[in-house]
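Residue-level listing of the chains:
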Amino acid sequence: MIVLTTPTGQIGRRTLDRLLAADAPVRVIVRDASRLPAAVRDRVQIVEGSHGDPDVIAKAFAGADTLFWLVPPIPQAPSVDDAYAGFSRPALDALRTHGVERVVSVSALGRGTPQAEHAGPVTASLALDDLLAATGVHHRALVMPSFMENLLRQTELIRSRGMFTSPVSGDRKMPTCAIDDIAAVAADLLLDDGWTGVEEVPVLGPEDLSFAEMAEIMSEVLERPVRFQQVPGADFRDRLLQFGSSEAMAQGMLDMMLAKDAGLDNGVTRTDRSSTPTSFRRWCEDVLKPAVLG
């Protein structure tokens, strides 16, 4: 039995589709079961509630072998540690008592880099990886850069003004990955009961690109000029506050972006195994172009 969290989220939904295509037995933890398609509800066991709730976790973990763990966004959390380790504490306790053997979790790049200790959510995510491993389970942490899909938050800005922004400088080359590729790697691990031990699994996409290079590709695919604009860190943080983030989470997000600009995501050597197939150009053609042009 595979327990899957966030089945209606971007990564969780795609991972669930792959598990069901393989006819795997799946139990999902979901806040609102009505958000699951009817065809999915008929094929999975459902535990309704938050995967930060001890009672929900106890019910979901009973008789389970493998867990897909993804911490949901908690922008109002009082600290980044509360958002990650605090939210996950019931699951950490339950892993020790329910006999779950394997955990695949969504994490971030940066371990071993000088920036890792001051990278907001990344620092907290890496600390959570250590806590998961300390429970004694076999663990694979999917460590990733920023997602290509993050650009969809700026769809209207791209459409109306032909630009996108970030506190990261335009010439910093970094890996970036597509969510479909993350789901593929996650599902393969969840379906494989032969791996043991504790490892990080980088998911890097096929190439490192700067925001300036991404703007060039976007311009070619959209057939209209698109430029990148670096924004001051204070403006980035203030915008998050305007959208309801707590002071701690807004500062943590800024710390993460500044750490990326200083090389946080560049500490892993790319290999054939860590390079996933979806290029930024293909993603722009398949996802960004329909979103921007309609």
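Residues numbered from 1 in each chain as written. Predicted model: local features only at pLDDT ≥ 70, side-chain atom pairs only at ≥ 80, totals over all residues. Heavy atoms only, no water.

Digging into unusual backbone geometry
Note on backbone geometry: most residues besides glycine have negative phi, and most peptide bonds are trans.
Right, on to step 1. The phi dihedral of Thr 6 is positive, around 50°, even though this residue is not glycine.
Right, on to step 2. Judged by relative accessible area, which is 14%, Thr 6 ranks as buried.
Right, on to step 3. In this model, Asp 23 sits at a positive phi of 60°, which is unusual for a non-glycine residue.
Right, on to step 4. Checked against the element boundaries, Asp 23 lands in the loop between helix H1 (10-21) and strand S2 (26-30). (Buried < 20%, exposed > 50% of the residue type's maximum accessible area, 1.4 Å probe, protein only. Helix = DSSP H or I, 4+ residues; strand = E, 2+ residues; numbered from the N terminus.)

Concerning the environment of Arg 13
Right, on to step 1. Take Arg 13: it is sitting in helix H1.
Right, on to step 2. Remark: the alpha-carbon pair of Arg 13 and Asp 180, spanning 167 residues in sequence, is separated by 9.9 Å.
Right, on to step 3. With sequence-adjacent residues up to four places away left out, Arg 13 is seen in contact with Thr 6, Pro 7 and Thr 8. (Contact = heavy atoms within 4.5 Å.)

As for the environment of Pro 73
Right, on to step 1. Looking at where Pro 73 falls in the secondary structure, it is placed in the loop between strand S4 (66-69) and helix H4 (80-98).
Right, on to step 2. Considered as a pair, Pro 73 and Ala 83 are 10 residues apart in the sequence and their alpha carbons are 7.8 Å apart.

Remarks on the sheet that holds strand S9 (residues 198-202)
Right, on to step 1. A sheet is described by the order of its strands in space; here 7 strands give the open sequence S3-S2-S1-S4-S5-S6-S9, paired in parallel fashion. The open sheet has two edge strands, strand S3 (45-48) and S9, and neither has a second partner. For this sheet the average axis-to-axis angle between neighbouring strands, irrespective of direction, equals 20°.
Right, on to step 2. Pairing between S4 and strand S5 (residues 102-108): 4 bridges, direction parallel. (Pairing = 2+ DSSP bridges. Axes fitted to C-alpha atoms, helices over the stretch in contact; angles between N-to-C directions.)

Geometry only, nothing functional implied.
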